[in-house]
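Each chain, written out:
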Amino acid sequence: MRMVYLDEAGISSPTHEPFVVVAGVVIHADRQWKMIEQYLSDMADHYVPPAKRHGFVFHATELFSGGKTFPRQDWPREKRWEILDALIDIPKKFKLPIACGFVERAKVAAKYSDLSVAKQTIHAQTISFAICCYAVEYFLTHGHAVEPNEVALIVMENNDQARDQIRKFHKFNRDPANEKLLSTLQFGKLVLTRVVDTVHFAEKSYSSPLQIADICAFAIKRHLMKKPESNRFYQPLKAGLVLLPKEEIPHFDLPPAEGQAFEH
């Protein structure tokens with residue numbers, strides 16, 4: 001079984017964030033989950049001041065810009081970005097497929113011009129989530145080292161505004177009774193057969209791999225925005241992205257069961 005951890009980025013002001021992104025990683029529950037949890041814990045032990053260690057989780061935005069745990073006066077940019085680099089390296093280190101979906105907010109606003117900006121943003125999140133689920137389904141169908149009947153369960157960063165709509169949309173796409181309608185509407189690729197159960201929402205402090213999803217969504221969003229430093233954080237992820245033509249899908253051989261320790 002695979003566990004899929006997703007987070008969103010780009011949901012603040014449409015002027016400053018023109019894309020909504022939902023992205024994250026696919027983890028083999030039996031062989032990788034505990035290794036990754038320990039790796040993240042070891043990273044926090046290494047980088048986080050002891051007084052701030054209890055309950056700490058990594059946030060890409062804080063590491064990029066500075067914040068409460070990593071104030072700029074004590075943590076200059078390159079020191080904070082060193083931690084970002086270490087987080088960005090996790091999907092490659094553990095050979096984790098990266099699922100991603102995104103939408104341009106201006107297009108959503110044009111289509112749903114009668115809705116408020118808040119509701120347009122929820123629609124953008126839902127659309128991005130649907131595309132991301134398609135990437136997960138695609139990996140389960142075409143990915144290397146995936147068992148024929150293997151399924152995936154989705155855990156997403158908690159979001160009070162979009163949670164209900166995402167759950168309803170996900171349920172609709174999983175219902176076999178809706179397969180014909182989705183195909184008629186030319187949304188047949190959104191039919192989900194290997195992604196099971198409902199979407200489970202959690203906080204990063206309770207579900208540590210969401211920290212990796214956070215960093216993926218952050219890096220992909222900045223790449224789409226063509227920010228000058230974006231290549232530093234996007235390029236290490238690019239080879240792991242699932243939503244590519246079949247012949248370009250990377251081979252995700254799993255690491256040894258004993259895993260890897262955080263190197264510091």
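Above this text is the structure in question.
Just so it is clear, the model here is predicted, and its values are computed rather than measured.

Q: Can you help me understand the pairing of strand E4 (residues 152-157) in this one?
A: Note on strand geometry: in a regular strand, side chains alternate between the two faces of the sheet. With six of its six residues buried, E4 lies for the most part within the structure. Sheet topology places strand E1 (residues 2-9) next to E4; five bridges connect them, and they run parallel. Along E4, the bridge assignment pairs arginine 2 with alanine 152. Inspection of the sheet shows E4 paired to strand E5 (residues 195-202) by five bridges, in the parallel sense. What sits directly across from leucine 153, in E5, is valine 196.

Q: Can you help me understand the side chain of serine 207 in this one?
A: In this structure, serine 207 sits in the loop between E5 and helix H9 (210-224). By relative accessible area, which is 8% here, serine 207 ends up buried. Ignoring any residue separated from it by four or fewer positions in sequence, one finds serine 207 in contact with Tyr5, Val155 and Ala202.

Q: Which parts of the structure should I look at to understand the packing of aromatic side chains?
A: To describe a pair of aromatic rings, one takes the distance between the centres and the angle between the planes. Scanning all chains against the criterion turns up ten aromatic pairs. Between phenylalanine 56 and phenylalanine 58 the ring centres are 4.9 Å apart and the planes differ by 90°, which places this aromatic pair in the edge-to-face class. Taking 4.7 Å as the distance between ring centres and 90° as the angle between the ring planes, the aromatic pair formed by phenylalanine 70 and tryptophan 75 counts as edge-to-face. Phenylalanine 70 gets classed as buried once you look at its relative accessible area, which sits at 1%. Through a chain of ring-to-ring contacts, the aromatic side chains of Phe56, Phe58, Phe70 and Trp75 assemble into a single cluster. The side chain of arginine 77 reaches across the aromatic face of tryptophan 81, ending 4.4 Å from its centre.

Calculation rules
- Residues numbered from 1 in each chain as written.
- Predicted model: local features only at pLDDT ≥ 70, side-chain atom pairs only at ≥ 80, totals over all residues.
- Heavy atoms only, no water.
- Buried < 20%, exposed > 50% of the residue type's maximum accessible area, 1.4 Å probe, protein only.
- Helix = DSSP H or I, 4+ residues; strand = E, 2+ residues; numbered from the N terminus.
- Pairing = 2+ DSSP bridges.
- Contact = heavy atoms within 4.5 Å.
- Phe/Tyr/Trp six-rings, centres within 6.5 Å; stacked < 30°, edge-to-face > 60°.
- Lys NZ or Arg CZ within 6 Å of the ring centre and 35° of its normal.

Geometry only, nothing functional implied.
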